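As a plain string of letters, each chain reads:
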Amino acid sequence: MHKPGYRFLMAMIIFLLGFTVVSHAQGSTPHFKVIAFYTSRNDLAHISFVHEANNWFPKMGPIYNFTYDSTNDWSKMNDEFLSKYQVVLFLDTRPDVPEQREAFEKYMKNGGAWMGFHFSGFALTPSDFPQNWDWYHNEFLGSGQYVSNTWRPTSAILRVEDSTHPATKDLPPTFKSSPNEWYRWEKDLRKNPDIKILLSIDSSSFPLGTGPKLYEIWHSGYYPVAWTNKNYKMLYVNMGHNDIDYENKTNKELSFQFANETQNKFILDALIWLGSTDKNSKKK
């Protein structure tokens, strides 16, 4: 049996070791810095996601060693401001001012990293968000214009298309997503040699959507929901539309994107890949 003095000494050693580890973690230099741009207006489902993201990512930062800032001031999309960050996020929209678009394209072509969610890929002519940015929608995303969507927001079974990518290598072959409004695109990404599809909707999801409009219920087809362009360090994910109680006019949030452990792992692994300093990682 150990004497009381021995037990006290061991307890002090364990405490000091724990204090040292915590102090080191708190004082360590962030591995990379993230800036999220958002607009957060009009659609309550998109606004809900923006609020959720701006609450969730700061909590993940200390755990995964990155800092997270966000802004709805798109005028900050300039060379000087972007140079302070290793990763840019578009939470709900895209820049529309020519100078801001030029700054973002330059940032990406000079080795910057980007992740876009859901509505950031949207473009439809005519609409409030027309397809008038060819580099972004046709070359960078490769998807072209939005064509249609499912309704209501529902969960889907997602299939991993490439299990070797850093964002997907630790995922199961299929997993159930958070409820989402799923998009269909103008261009077939499978035919684009620059695009690597990472996740798609598994056929076991069909029928996908509940209506009431029949054309918003998908029964077959191929639908990519996450992909990367091999020429850039980027990743687009279609997730980012929460379910809202519009019908009963309560506008209550009925679902959340970050309430899904597996989907969260995918997003975090993708973010860590984007924030890595490996110059060859964009070719993964």
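The present account deals with the structure reproduced in this document. (Residues numbered from 1 in each chain as written. Predicted model: local features only at pLDDT ≥ 70, side-chain atom pairs only at ≥ 80, totals over all residues. Heavy atoms only, no water.)

## Some details on the overall build of the chain
Regarding its fold elements, the chain presents six helices and eleven strands. Considering only intrachain contacts with a sequence separation of at least 6, the fraction spanning at least 24 residues in the chain is 75%. Per element, the accessible surface of the chain, about 14100 Å² overall, is 55% carbon and sulfur. (Helix = DSSP H or I, 4+ residues; strand = E, 2+ residues; numbered from the N terminus. Contact = heavy atoms within 4.5 Å. Areas by Shrake-Rupley, 256 points an atom, 1.4 Å probe, with all protein chains shown as cover.)

## Some remarks on unusual backbone geometry
Here the amide bond leading from threonine 125 into proline 126 is cis, since omega sits at 0°, within 30 degrees of zero. Take proline 126: it is sitting in the loop between strand E4 (113–117) and helix H5 (134–140). Between phenylalanine 206 and the following residue, proline 207, the backbone shows a cis peptide bond with an omega angle of -5°. Take proline 207: it is sitting in the loop between strand E9 (195–201) and strand E10 (224–229). Even without glycine at this site, asparagine 42 takes up a positive phi of about 75°. Along the chain, the position of asparagine 42 falls in the loop between strand E1 (32–37) and helix H2 (44–64). The phi dihedral of lysine 249 is positive, around 60°, even though this residue is not glycine. Tracing the sequence through the fold places lysine 249 in the loop between strand E11 (233–237) and helix H6 (261–275).

## Some thoughts on the pairing of strand E3 (residues 87–90)
The two faces of E3 match: Val87 and Leu89 on one face and Val88 and Phe90 on the other face are all buried. On the question of chirality, the crossover connecting E3 to the parallel E4 by way of helix H4 (residues 98–109) is right-handed. (Buried < 20%, exposed > 50% of the residue type's maximum accessible area, 1.4 Å probe, protein only. Right-handed = clockwise from strand over helix to strand, strands pointing away.)

## A look at H2
Spanning 21 residues, H2 covers 30 Å between terminal C-alpha atoms, matching the ideal 30 Å at 1.5 Å per step. Ala45, His46, Ile47, Ser48, Phe49, Val50, Glu52, Ala53, Trp56, Phe57, Met60 and Gly61 are the residues of H2 that are buried. Residues of H2 that are buried make contact with strand E2 (66–71), E3, E4, strand E8 (183–185) and H6. Backbone nitrogen of alanine 45 and a side-chain oxygen of the N-cap are separated by 2.8 Å at the start of H2; the cap is aspartate 43. (Expected span 1.5 Å × (residues − 1). Polar contact = N/O pair within 3.5 Å; in protein donor to acceptor, adjacent residues only side chain to side chain.)

## Some thoughts on the pairing of E2
Relative to E2, E1 runs parallel, the two being bridged by six bridges. Across the sheet, residue lysine 33 finds its bridge partner in E2, namely threonine 67. (Pairing = 2+ DSSP bridges.)

## Quick word on the sheet that holds E2
Spatial strand order, E2-E1-E3-E4-E11-E10-E9-E6-E7: nine strands in an open sheet with mixed pairing. With partners counted over all chains shown, the strands left at the sheet margins are E2 and strand E7 (174–176), one partner each. Along the sheet, successive strands turn relative to each other by an average axial angle of 20°, direction set aside. The pairing of E4 with E11 spans five bridges and is classified as parallel. Across the sheet, the residue bridging to alanine 113 is lysine 233, located in E11. The strands that H2 touches are E2, E3 and E4; relative to E2, the one it contacts most, it runs at about 160°. (Axes fitted to C-alpha atoms, helices over the stretch in contact; angles between N-to-C directions.)

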